Amino acid sequence: MTKQAGFIYTSNFLNYQFSEDHPFNHKRTLLTKELLEEQATLTAEDFIVPRVASDEEIALFHDTTYIEAVKRAGSGDLIADRAQEYGIGTEDTPIFPNMHQASSALVGGSLTAIDKILNGDYKKITNIGGGLHHGFPRKASGFCIYNDCAIAIKYLREQEDLKVLYVDTDAHHGDGVQAGFYDDPNVCTFSIHETGRYLFPGTGNVNERGIKGGHGYSFNLPIDAFTEDDSFLELYETALRKIAAFFKPDIIVTQNGADSHFLDPLTHLCSTMKIYERIPLLAAEIADTYCDGRWLAVSGGGYDMWRVVPRAWGQVWNVMKTGSCCKGPLPEKWLKKWQKEAPVALPANWQDAADSYPVIPRRAEITEKNKLLLEDMLKYTAII
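Residues numbered from 1 in each chain as written. Predicted model: local features only at pLDDT ≥ 70, side-chain atom pairs only at ≥ 80, totals over all residues. Heavy atoms only, no water.

**Student:** Just to check I follow, could you spell out the sheet that holds strand S7 (residues 251-255) for this structure?
**Tutor:** Hydrogen bonds between backbone groups are what pair the strands of a sheet, and the pairing can be parallel or antiparallel. With parallel pairing, the eight strands of this open sheet are ordered in space as S2-S1-S3-S8-S7-S4-S5-S6. The two strands at the open ends of the sheet, each matched to only one other strand, are strand S2 (47-48) and strand S6 (218-223). Here four bridges tie S7 to strand S8 (residues 295-298), and the two strands are oriented parallel to one another. Considered in S8, the bridge of Thr254 is made with Ala297. (Pairing = 2+ DSSP bridges. Helix = DSSP H or I, 4+ residues; strand = E, 2+ residues; numbered from the N terminus.)

Here is the structure:
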């Protein structure tokens, strides 16, 4: 019998760790898992133990010479000049021991999820260790070594002829995934992100629409810095509903970066937990309407791992499992345990207070600018 939702997790996710002070810290996966367990929305029967991706599976998207370079780097056998050629050994993506094995575990989580969904074992699965959307076939980028999102979509397309809608709500443009399917009409990519004028990777303009057979299947909304909840959601909901109706996917894959929050230290958007409730609710609606419920959710960015990430990613699972978001106080036991270690005061509730951040002086200007952006994107794509 098909189960409604499954949760991919293994302690091996914690091995993906560049350094103690690197902003990408996968301890956030443990924080999220334990929050959900204390909330009692995640139980032992929900867990799916992931497999490790094989080299052949990783090579569905990544060049074999790059895979070998990652292996050598993780064992200390790759010289610095060669490492730089492959985007590893940089400030963003430094070398760490056994990096191939750690990265393969993250990819394996997304592939396990695809297997379970295609086999009819589950309708919806979240891989809390995935979402590394910046990886390119021959190069690491933006904290991402292997691009589990792109590999999972390639694997899915190899297994079955399904149309895939990839939706990316990370504050950073989903450049690696877009590039991987830029000429493919069977994979539609949609990314809403902070404009690249201020933020890595600097891509994701509205006029990036795909090439060859894939022309018209790439969608981007590069919203203005300091965008707040209402403007974000107006653009996102309008665009996603129109894109889904236009493309009519067979399965949806969502990348759920949690770095659009106003507390995130690496970005300049001003969202609250309000968007992290609507994002999964809308994804579930699209999956149920067009995809017979089939939905893979992966995580992604999110650099306030104490106050933001567990709540944001937690709500993705809460929607998958129960159909709704959690409200009210966070579990006292979780707060007491992790407050001892956290360098900041942990939030007491799932939702943010209404006066969490100062008034944005340019609110009206930003909102109007974003509306024009949406109009431009829809004109380019001719799906109004």
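Alright, that's what it looks like, and here's the rest.
**Student:** Honestly, unusual backbone geometry in this entry has me stumped. Any pointers?
**Tutor:** Both trends apply: most residues other than glycine have a negative phi, and most peptide bonds are in trans. In this structure, Pro201 follows Phe200 across a cis peptide bond, with omega equal to 5°. Secondary-structure assignment places Pro201 in the loop between strand S5 (187-194) and S6. The backbone of Phe143 sits at a positive phi, close to 75°, despite the residue not being glycine. Here Phe143 is to be found in the loop between strand S3 (122-127) and helix H6 (148-159). Phi is positive for Phe226, close to 70°, though the residue is something other than glycine.

**Student:** In this structure, what is going on with the packing of aromatic side chains? I would like to understand it.
**Tutor:** Two numbers describe a pair of aromatic rings. These are the distance of the centres and the angle of the planes. Per the counting criterion, the structure on display carries 19 aromatic pairs. Ring geometry for Phe262 versus Tyr357: centroids 5.1 Å apart, planes at 45°, classification tilted. One end of the pair, Phe262, is in the loop between S7 and helix H9 (275-290); the other, Tyr357, is in the loop between helix H11 (332-339) and helix H12 (363-381), and 95 residues separate them in sequence. Chaining the aromatic ring pairs together yields one cluster made of Tyr16, Phe18, Phe24, Phe96, Phe143 and Tyr303. Geometry around Phe24 places Arg28 over its ring, the cationic atom sitting 4.3 Å from the centre. (Phe/Tyr/Trp six-rings, centres within 6.5 Å; stacked < 30°, edge-to-face > 60°. Lys NZ or Arg CZ within 6 Å of the ring centre and 35° of its normal.)

**Student:** When you look at the nonpolar core in this model, what are you seeing that I'm missing?
**Tutor:** One broad rule of soluble globular proteins: the nonpolar side chains tend to lie buried together. One finds Leu165, Phe190 and Trp295 to be the most contacted residues of the largest nonpolar core, which totals 121 residues. In this view, Leu165 contacts Cys188, Leu240, Ile243, Ala244, Phe247, Pro249, Ile251, Ile252, Val253 and Ile286; residues no more than four positions away in its chain are not counted. (Core = buried A, V, L, I, M, F, W, Y, C linked by side-chain atoms within 4.5 Å. Buried < 20%, exposed > 50% of the residue type's maximum accessible area, 1.4 Å probe, protein only. Contact = heavy atoms within 4.5 Å.)

**Student:** When you look at helix H10 (residues 309-322) in this model, what are you seeing that I'm missing?
**Tutor:** Every α-helical turn comprises 3.6 residues, leaving residues that sit three or four positions apart pointing alike. Here H10 spans 20 Å end to end across 14 residues, near enough to the 20 Å set by a 1.5 Å rise per residue. Here H10 lies mainly inside the structure; 12 of its 14 residues are buried. By the burial criterion, the buried members of H10 are Val309, Pro310, Arg311, Ala312, Trp313, Gly314, Gln315, Val316, Trp317, Asn318, Val319 and Met320. On its buried face, H10 is in contact with strand S1 (3-8), helix H1 (27-39), S3, H9, S8 and H11. Gly323 sits one or two positions beyond H10 and adopts a positive phi of about 85°. (Expected span 1.5 Å × (residues − 1).)

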